[in-house]
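Residue-level listing of the chains:
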2 protein chains.
Amino acid sequence: MTKKFSKAATAKAETRNAEAGDEAAPVSNRATRAAERRDAIVAAAMEEFITRGFAATRLDDIARRAGVAKGTIYLHFKDKESMFEELVRTVIVPVVAKLNALPPPTGSVRDLIETFAGNFLKEVIGTRRGDLVRLIVAEGPRFPAVADFYYREVVSRGMAGMRALIELGIARGEIQQAKLARYPQILIAPAMIAVIWQSLFARHAPLDAQDMLRVHLDLIFGERRTT
Amino acid sequence: MTKKFSKAATAKAETRNAEAGDEAAPVSNRATRAAERRDAIVAAAMEEFITRGFAATRLDDIARRAGVAKGTIYLHFKDKESMFEELVRTVIVPVVAKLNALPPPTGSVRDLIETFAGNFLKEVIGTRRGDLVRLIVAEGPRFPAVADFYYREVVSRGMAGMRALIELGIARGEIQQAKLARYPQILIAPAMIAVIWQSLFARHAPLDAQDMLRVHLDLIFGERRTT
DNA sequence: CATTTATGACTGACTAGTCAGTCAATGTCA
DNA sequence: TGACATTGACTGACTAGTCAGTCATAAATG
């Protein structure tokens, strides 16, 4: 049993390596291997936490999925709780990076937002990232640190960005409703609802998020004209 | 210990009785007491599940909060899981009743929806009911039965009602954007976001839900005019 | 071979669910 | 009506099992 498990774990590690496309050669120095393991643990934990929630997730399952012994987890994380918090941070950081690297505002505000919405659709709705959002909603109240972090890094920035766009749209006359700048939430709300809808009700009533967002933008900017 | 505990439970039951406003007289037959206890358990469970989530909630805590022994819970519910499911049903049923008893559409559609939004604000946002919505979002994926029930009883009905209102608004010329009828979600989205916002971010950035909903309605119906 | 890294068997704390026993409420009978 | 019998709602100590976190041991590394 022990033997078999060991072998399986090794095989898995190699597979992961191959997938990652490293040079076929000697594979790694210590730091690299350690980082790879950490990544594997993070990925496995993400999967487990998303499907079971924090409390119901077993570290044994994370370890097995990551192809690692349970003790190894404790070489990278203090305990289950801080693992969860760091996990959220780790996954969110690249998102923030992307938000910061948004293209400068050229073209109409409507086009900008439409592009943004398109990316959001592709990269969030119906993906692991979307599930992460739901997970944060679910566990946030019990993990103030997570809720705080998410607010600071994602929500407040996203809101500020949206507000700027809205103000630009108002200045340019693309947006009529001036008070909208007070509540960027209104602009984002349908997208968030789409995220939640997908994971709760998709099988009852599939939602064409793309189309819904377009209708919403028409509402804000006025019906689209083929200029 | 046993004596003391018994007394406490009895006292509690009587208090509840008084509140319920039954005839002051003989206090209870067996069936009544049983129903009262069930209610106490449901209330306690609601509180615990909301604050800790399903997996992290201890039946011992529910029992203590309800002023009941753990075994008693099992006289009313098969197990923890079905207790959770029945709990959600029990709490949601009165909401459905209210939805069904909506006033017939007189007056402008805008006023109707504004009234509806007002009630929603008062009775859901920032209340236990709002927390219940968050709980359903949180646990839904792990309790398909709950998600199904919630969809069938609340979401689909609410959506149908909203769609009808929107179509009425379009017919009357109050609403310009005809395609809105395809996505009642757009109308409801900011309200849902407000619910979630309250429980996650209220302390970082309090949200004036009332005002936000008004802005949103202005967006849909056009700026309010003092006719 | 000394040191760093990884392992997984083990421990102890914790909890869902059970069940033998208690006792207040109800029923029965003289 | 009062004495006694029956019921079944209720209790809480207990069982069987789970799981986060530890640590002695083993493998890998340089």
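Participant: Please provide a residue-by-residue account of the overall build of chain A, values included.
Facilitator: Of regular secondary structure, chain A possesses 10 helices and zero strands. Reading chain A from its N terminus to its C terminus gives the helix and strand order α-α-α-α-α-α-α-α-α-α. Here chain A holds 227 residues, and 45% of them are scored as buried.

Participant: Give me the relation of the copies chain A and chain B: which residues, what numbers.
Facilitator: Expressed as a screw transformation, the operator carrying chain A onto chain B has a rotation angle of 180° and an axial translation of 0.0 Å, and the superposed copies differ by an RMSD of 0.2 Å. The superposition operator between the copies reduces to a two-fold rotation axis. Among all residues of chain A, the one whose C-alpha sits closest to the rotation axis is Ala138 of chain A, at a distance of 2.1 Å.

Participant: Quick one: what's the story with the protein's contact with DNA strand D, residue by residue and with numbers?
Facilitator: Inspection of the region around DNA strand D gives 18 residues, with Arg30 and Lys70 of chain A together with Arg37, Ala69 and Thr72 of chain B positioned closest. Each atom of DNA strand D within 4 Å of the protein was assigned to sugar, phosphate or base; sugar and phosphate come to 70%. With respect to DNA strand D, the backbone of Thr57 of chain A contributes an N or O atom lying 2.9 Å from a phosphate oxygen. A distance of 2.4 Å separates a phosphate oxygen of DNA strand D from a polar atom in the side chain of Thr72 of chain B. Going through the elements one at a time, helix H4 (70-76) of chain A together with helix H1 (2-20), helix H2 (30-52) and helix H4 (70-76) of chain B are the ones with two or more residues in the surface near DNA strand D. The element best represented in the surface near DNA strand D is H4 of chain B, accounting for four residues. The residue makeup of the surface near DNA strand D, split by class, is six nonpolar, five polar and seven charged.

Participant: Explain the confidence of the model for chain A to me, and be specific about the residues and the numbers.
Facilitator: All names here are of chain A. Put simply, chain A has an average pLDDT of 85, and 85% of its residues get 70 or more. Across chain A, the element-wise mean pLDDT spans from 37 in helix H1 (residues 2-20) up to 97 in helix H3 (residues 59-66). In this model, residues 1-27 is a region of pLDDT below 50 whose contacts with residues beyond four sequence positions or in other chains number 11 contacts.

Participant: Could you give an account of helix H3 (residues 59-66) of chain B, naming the residues involved and the relevant values?
Facilitator: Those residues of H3 of chain B not exposed but buried are Leu59, Asp61, Ile62, Ala63 and Ala66 of chain B. Looking one or two residues past H3 of chain B, Gly67 of chain B carries a phi angle of roughly 70°, positive in sign.

Participant: Which residues make up the environment of Phe221 of chain B, and what are the values?
Facilitator: Residues and elements named next belong to chain B. Relative to the elements of secondary structure, Phe221 occurs in helix H10 (residues 209-221). Residue classification places Phe221 among the buried residues on the basis of a relative accessible area of 10%. In the structure, Phe221 is positioned 47 residues away from Glu174 in sequence and 6.0 Å away in space, judged by C-alpha atoms. Beyond its immediate chain neighbours, meaning those up to four positions away, Phe221 contacts Val109, Arg110, Ile113, Glu174 and Ile175.

Participant: Now, about the interface of chain A and chain B: what can you tell me, with residues and values included?
Facilitator: Accessible area lost on assembly of the parts is the figure often given for the size of an interface. If you look at the interface, chain A gives 48 residues, while chain B gives 48 residues. With both chains or domains summed, chain A and chain B bury close to 4,200 Å², and 71% of this area falls on carbon and sulfur atoms. Taken as a group, Tyr151, Tyr183 and Leu219 of chain A account for 14% of the area that chain A buries against chain B, more than any other trio of residues on that side. Scanning the region where chain A abuts chain B turns up four salt bridges. With a shortest N-O distance of 2.8 Å, Arg182 of chain A and Asp211 of chain B are connected by a salt bridge. At the boundary of chain A and chain B, one finds 16 residue pairs in polar contact (both at pLDDT 80 or more). Contributing elements (two or more residues each) for the side of chain A that touches chain B: helix H2 (30-52), helix H7 (128-139), helix H8 (144-171), helix H9 (184-201) and helix H10 (209-221) of chain A.

Rules and cut-offs
- Residues numbered from 1 in each chain as written.
- Chains lettered and ligands numbered in written order.
- Predicted model: local features only at pLDDT ≥ 70, side-chain atom pairs only at ≥ 80, totals over all residues.
- Heavy atoms only, no water.
- Helix = DSSP H or I, 4+ residues; strand = E, 2+ residues; numbered from the N terminus.
- Buried < 20%, exposed > 50% of the residue type's maximum accessible area, 1.4 Å probe, protein only.
- Least-squares fit on C-alpha atoms with pLDDT ≥ 70 in both.
- Near = heavy atom within 4 Å.
- Polar contact = N/O pair within 3.5 Å; in protein donor to acceptor, adjacent residues only side chain to side chain.
- Nonpolar A, V, L, I, M, F, W, Y, C, P; charged D, E, K, R; others polar.
- pLDDT = per-residue confidence, 0-100.
- Contact = heavy atoms within 4.5 Å.
- Buried area = accessible area lost by both parts, 1.4 Å probe.
- Salt bridge = Lys/Arg side-chain N within 4 Å of Asp/Glu carboxyl O.

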